[in-house]
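Read off the chains here:
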Amino acid sequence: MQTALSIAIDAFAYGMALFIICIGLSLTMGLMRVVNLAHGAFAMIAGYIASYAARDLGLGYAVAIFLAIIGTIVISIPLERLLYRRIYGSPELTQVLMTIGITFCVIGITNYFFGPTLKTIPLPGSLTQPVDVGFRTIAGHRLFVVACGLVVAGGLWFLIERTSFGIKLRATVDNAAMADALGVRTQVVYAISFAIAIGLAALGGVVGAEFLPIEPYYALRYMVTFLVVVSVGGAGSILGAVVACLLLGAVDTTGRYLMPEFGNFFFYAAVIAIVCVFPRGFFGRAQ
Amino acid sequence: MQVAAQTPEIATSSSAGYRWARDAVGVTLILAAGLAGYWLFPDNLALLTRVIAVALLVLSIDLVTGYGGVATLGQAALFGAGAYAAGIACVNGVTEPLTLILIGAVAGAVAGLFMGTIMLRAHGLAQLVLSIAIVQLFHEAANKASAYTGGSDGLAGLMVSPLFGAFEFDLWGRTAYLFGLALLIVVFASLRFIVSSPFGMLCRGIKEDPVRIRAMGAFVFPVLLKMFVISGAVAGIGGALAAISTQVVGLDSVSFELSANALVMLVLGGLGTLYGALVGTVIFMGFEHVVSAINPFHWMTMVGALLIGVVLAAPGGLSGLLDRMSGISRRRKEKRT
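Predicted model, so just to flag it, every value in this text is computed and none were measured. (Residues numbered from 1 in each chain as written. Chains lettered and ligands numbered in written order. Predicted model: local features only at pLDDT ≥ 70, side-chain atom pairs only at ≥ 80, totals over all residues.)

Regarding its fold elements, chain B presents 16 helices and zero strands. Relative to a compact globule of 337 residues, whose C-alpha radius of gyration would be 20 Å, chain B shows 20 Å and is just as compact. Out of the 337 residues belonging to chain B, those deemed buried represent 50%. Residue pairs in contact within chain B that sit at least 24 positions apart in sequence constitute 78% of those at least 6 positions apart. (Helix = DSSP H or I, 4+ residues; strand = E, 2+ residues; numbered from the N terminus. Rg over C-alpha atoms; globule rule 2.2 N^0.38 Å. Buried ≥ 20, exposed ≤ 12 C-beta atoms within 10 Å, placed from the backbone. Contact = placed C-beta atoms within 7 Å.)

On a plain count of helices and strands, chain A comes out with 13 helices and two strands. In terms of overall dimensions, chain A is globule-like: its C-alpha atoms have a radius of gyration of 19 Å, near the 19 Å expected for 287 residues. Overall, chain A is about 60 × 45 × 35 Å in size when its C-alpha atoms are taken along their principal axes. For chain A, the residues scored as buried account for 52% of the 287 residues in total. A fraction of 74% describes how many contacts in chain A between residues 6 or more apart in sequence connect residues 24 or more apart.

Listed as interface residues are 34 residues of chain B and, on the opposing side, 37 residues of chain A. At the level of secondary structure, the elements contributing two or more residues to the side of chain B that touches chain A comprise helix H7 (124-144), helix H13 (256-269) and helix H15 (296-313) of chain B. The biggest single contributor to the side of chain B that touches chain A is H7(B), with 15 residues.

Residue and element names in this part refer to chain A. Closest axis-to-axis distance for the helix H3 (residues 61-87)/helix H9 (residues 186-207) pair is 8 Å, and the angle between their directions is 140°. The angle between H3 and H9 falls in the class oblique. For H3 against H9, the interelement crossing comes out right-handed. Counting all contacts with H3, which are made through Ile65, Ala68, Ile69, Thr72, Ile73, Ser76, Glu80 and Tyr84, the residues of H9 involved are Ala191, Phe194, Ala195, Ile198, Gly199, Ala202, Leu203 and Val206. (Axes fitted to C-alpha atoms, helices over the stretch in contact; angles between N-to-C directions. Parallel < 35°, antiparallel > 145°, perpendicular 65-115°, else oblique. Left-handed = near helix turned anticlockwise from the far one by under 90°.)

All right, on to the environment of Gly154(B) then. Residue and element names in this part refer to chain B. With respect to the element layout, Gly154 can be found in the loop between helix H8 (146-149) and helix H9 (174-195). Residue Gly154 is classed as partly exposed on the basis of its C-beta count, with 17 C-beta atoms lying within 10 Å. For the pair formed by Gly154 and Leu47, sequence separation is 107 residues and the distance between their alpha carbons is 19 Å. Look past the residues within four positions of Gly154 in its chain and what remains in contact with it is Val248, Val249, Gly250 and Leu251.

Here we take up helix H2 (residues 39-56) of chain A. Residue and element names in this part refer to chain A. Under the 1.5 Å per step criterion, the end-to-end length of H2 is 25 Å for 18 residues, consistent within 8% with the ideal 26 Å. Summarising burial for H2: 15 of the 18 residues are buried, a large majority. Positioned one or two residues after H2, Gly58 has a phi angle of 75°, which is positive. (Expected span 1.5 Å × (residues − 1).)

When the UniProt feature table is mapped onto this chain, "transmembrane region" (unreviewed entry) is found at residues 6-27, 34-53, 59-84, 96-114, 143-160, 188-212, 224-250 and 262-283 of chain A. Across residues 6-27 of chain A one finds 100% helix and 0% strand; the C-alpha atoms that close the span lie 31 Å apart. (UniProt positions renumbered as here; feature names shortened; annotations may be inferred.)

This brings us to helix H5 (residues 76-91) of chain B. Residues and elements named next belong to chain B. An ideal rise of 1.5 Å per residue puts 22 Å on 16 residues; H5 measures up with 22 Å between its terminal C-alpha atoms. Counting buried positions over the 16 residues of H5 gives 15, a clear majority of the element. Where H5 terminates, the next one or two residues include Gly93, which has phi positive at roughly 110°.

What follows concerns the environment of Glu257(B). Residues and elements named next belong to chain B. Relative to the helices and strands, Glu257 resides in helix H13. Residue class for Glu257 comes out exposed when judged on the 11 C-beta atoms lying within 10 Å of it. For Glu257 and Gly309, which are 52 residues apart along the polypeptide, the C-alpha to C-alpha distance reads 20 Å.

It is worth spelling out the nonpolar core at this point. Formed by 211 residues in total, the largest nonpolar core has its most connected members in Ile20(A), Cys22(A), Ala46(A) and Leu56(B). With residues up to four places along the chain from it excluded, the contact list for Cys22(A) reads Phe226(A), Val229(A), Val230(A), Ala241(A) and Cys245(A). (Core = buried A, V, L, I, M, F, W, Y, C linked by C-beta atoms within 7 Å.)

The subject of this paragraph is the packing of helix H4 (residues 45-67) of chain B against helix H12 (residues 220-246) of chain B. Residue and element names in this part refer to chain B. Remark: H4 packs on H12, axes separated minimally by 8 Å, with the N-to-C direction vectors making an angle of 170°. Classified by the angle between their axes, H4 and H12 sit roughly antiparallel to one another. Together, Thr49, Arg50, Ile52, Ala53, Val54, Leu56, Leu57, Leu59, Ser60, Leu63, Val64 and Tyr67 of H4 and Met227, Phe228, Ile230, Ser231, Val234, Ala235, Ile237, Gly238, Leu241, Ala242 and Ser245 of H12 make up the contact between the two elements. In the contact of H4 with H12, the residues fall into 17 nonpolar, five polar and one charged. (Nonpolar A, V, L, I, M, F, W, Y, C, P; charged D, E, K, R; others polar.)

Residue and element names in this part refer to chain B. On average, residues of chain B score 82 in pLDDT, and 91% of them are at 70 or above. Under a pLDDT of 50 for its full length, residues 1-13 has, in the predicted model, 15 contacts with residues more than four places off or in other chains. Scoring the predicted complex yields pTM 0.84 and, for the interface, ipTM 0.79. (pLDDT = per-residue confidence, 0-100.)

Take a look at the structure:
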């Protein structure tokens, strides 16, 4: 029972950390139709910035997160203008190749500046202590990740479904030319949504660093995981991303706890089964 | 099969005789380049044999991606299936090299059948994800079944008996290299034959527009599945060759990285041309050998920049660039006359 509970809590927190990173990718893929394999690279950049700010400059955790998000978005803007804008609407293979190329470049450059070692982001004291939630104690950091995930999910839902920006975004997704003709500045909408997606990647990269440690191969190692989660959940669907992250997080964590010698075997077996049954993911839009 | 004949560019631009002559020249060039490599780099024959094995893998990706239009990031699953099948057979007493190659081809074809059956159920992104999931699954399975595959230590101790009972696989890899070169030429010639057959034309048609092909009365799924099986056999031959020449089968032969790198080589050389696949492999692996010896991370940056450059500037890869240039010069000549 104790094992089951601790597996459940770890799985839940891990799933939420995955969610924060993947929802950004889900947005770019579902709404902007760009298969951005470099998404993990942006999360990694954020991790490096946060680590540098918190460990080397001695700034606080909150400041580090803030700096990481802003810094990553600033880095992503020229990339969006120069590279991504050219592959909107291209075939998948082109997008995959271009973004793998960006990932390789980011890995090479990051390693050149920061070296191949693992970077840690020191947590503040309030998050390292266990928190008593009545029936048992849970590590504060786990609760923090879960809270972040819930806030992100709620905030995004509100943004897309309830604000005028969300309306413009959905209009652009459904028919960019028509939205343009009606006075929606689609280029601006794309740029803003791209920035939001990257910001979420950055947040997830920093917050989830306990689960997915920051190192130069981060971008490549978890690229597949992120892509898999999004395609299982259905690109562009918040609910789908939540379900996929929690489910795959649970499969992965349970597999690791109970049968560590099998590694990711069950994770990928589950993925193949799900994608075969739901080719568009759980809540993907029909095309 | 009427379909193919109506594809204008392919059917009209080159008559059969011209094509035969061109293929003969192409194969001779490959042979010449291979022998030149043998004389010029006698100390690097192991690397050159590796290049040939990977070239077979890249050719197999070209079959499904360049000719069939199915993007895959998991082709190393087929390469690894061939390598492990040949390796396990060799450890268990089957040491005749040609038999091992055959075993590798069959294993690759079976894996291709499996992979194609799963992948062809989906389209677009889901297909790509499935290919990745399959190669990762193979990787984990190979790691887990360490009793047969040696797990993360790799399968070592392959003692291959001499080729035709006469040519021993020596320390310098001369036999392995020449054997590999001969294999490559045989495979390449048969692939030229396959891709210019009505079946190959039908595959190209499916790549261009599957809906129209279906409307014309051809079945898309079995054709693509057949292509997958052929491609699996080619990849399996590559894997078996790698196993025979290095006498070790490692987990890296069923890895996502190998699949991704092979796809990069193909794109660099040019999708949908068999020559492009070979050229891309040779250039990529040559550069890799030189640059990654200096610093592996510089190599990654370079590959990344190269990929971005190819996508932006030369979507057809090097051979596409060549075609465009020759097209321009030909048009100029026509203008003059």
